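Architecture and fold: a report
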Amino acid sequence: MTETWLFIDSGPCSAAYNMALDEAIAVTVRNGQAPPTLRLYGWDRPSVTIGCFQKIGEVDMAYCFQENIPVVRRPTGGRAILHGNEITYSFSVKTRAGLFSKSLFDSYKKISAAFLNAFLKIGASPELNLLKDSRRGPEANVQKSPLCFQSVSYGEIIVDSKKIIGSAQKRWTDGLLQQGSIPLVIERDDLVKVFRMDTCLNTKDSFTGLYDIFPGLIPDALKTAIRTSFEKIFDIRLTISSPTSEEVSLARELEAGKYLSREWNYKR
């Protein structure tokens, strides 16, 4: 009998609520109250998320405040992302047994295989980076840039040598949460200001938005490709769902008590 997982497309939400809902879903999955869950979502305004262990000083907070750009610390690692016109995902699953019970690298590789298949479905020619630095983990970044898309980590996908998806993971003893960003449009002027980047830096050399590759891309077509690719790669069925009332309640608690708090966002 085919195993059933959940697929949630929750649309655009605030930065703090997006992080809170991802964590709330991960909690219910880890507690055995829900099966593995893939969530797709967007942002109600341009927003910055920074990695769990990243210094907030790597972001120009004065500029973000001036431009009403929320800055929220993620539960996952990795480096900062300026979110906007994109498709964002999270995937929550238990790790004590089964497909994701092996190493961090193994889980990155398996999840990336589903996204690789999705990009193939929309006509891209993607490549999967499987070079790893075992001393530093999949999210190792050998560059000084605070920006996620300035480097390609293990298990991430490139097209024409340009990164098109950035991912980061949080692991507990009993489960994992992986979050990722698939930009449709890169707002390069804002990137330069938010991350105090050298205005001479040609960011087009290292990453791109999907609209630069596929001007006629329909986002819903990519979402469908992601959903069907997860079903194919993991030999499961994804049931279209919504966050439960318990997940929404927990998310609201986490939003207010954690992701909107200075204590969490400025802890480094």
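Residues numbered from 1 in each chain as written. Predicted model: local features only at pLDDT ≥ 70, side-chain atom pairs only at ≥ 80, totals over all residues. Heavy atoms only, no water.

Okay, the packing of helix α3 (residues 104–121) against helix α6 (residues 219–234) next. Interhelical geometry of α3 versus α6 gives an angle of 130 degrees and a closest axis separation of 8 Å. Relative to α6, the element α3 lies oblique. For the element pair α3 and α6, the recorded crossing hand is right-handed. Note on element contacts: α6 touches α3 through L222, A225, I226, T228, S229, F230, K232, I233 and F234, opposite K110, I111, A113, A114, F115, N117, A118, F119 and K121. Classifying every residue of the contact of α3 with α6 gives 12 nonpolar, three polar and three charged. (Axes fitted to C-alpha atoms, helices over the stretch in contact; angles between N-to-C directions. Helix = DSSP H or I, 4+ residues; strand = E, 2+ residues; numbered from the N terminus. Parallel < 35°, antiparallel > 145°, perpendicular 65-115°, else oblique. Left-handed = near helix turned anticlockwise from the far one by under 90°. Contact = heavy atoms within 4.5 Å. Nonpolar A, V, L, I, M, F, W, Y, C, P; charged D, E, K, R; others polar.)

It is worth spelling out the pairing of strand β10 (residues 166–171) at this point. Looking along a regular strand, one sees the side chains alternate between the two faces of the sheet. Strand direction decides the pairing type here: β10 and strand β11 (residues 175–183), joined by six bridges, are antiparallel. In the strand pairing of β11, S167 is matched with G180. Counting the residues that bridge the hairpin from β10 to β11 gives three residues. (Pairing = 2+ DSSP bridges.)

Under the defined criterion, the tally for this structure stands at eight salt bridges. The salt bridge partner of K258 is E23, with a shortest N-O separation of 2.9 Å. Of this pair, K258 sits in helix α7 (residues 245–259) while E23 sits in helix α1 (residues 15–30), and the two are 235 residues apart along the sequence. Summarising the burial analysis for this pair, K258 and E23 share the class buried. Linking R79 and E58 is a salt bridge whose minimum nitrogen-to-oxygen distance equals 3.3 Å. Taken together, the positions of R79 in the loop between β4 (71–73) and β5 (81–83) and E58 in the loop between β3 (47–50) and α2 (61–66) put the pair 21 residues apart, joining distant regions of the chain. (Salt bridge = Lys/Arg side-chain N within 4 Å of Asp/Glu carboxyl O. Buried < 20%, exposed > 50% of the residue type's maximum accessible area, 1.4 Å probe, protein only.)

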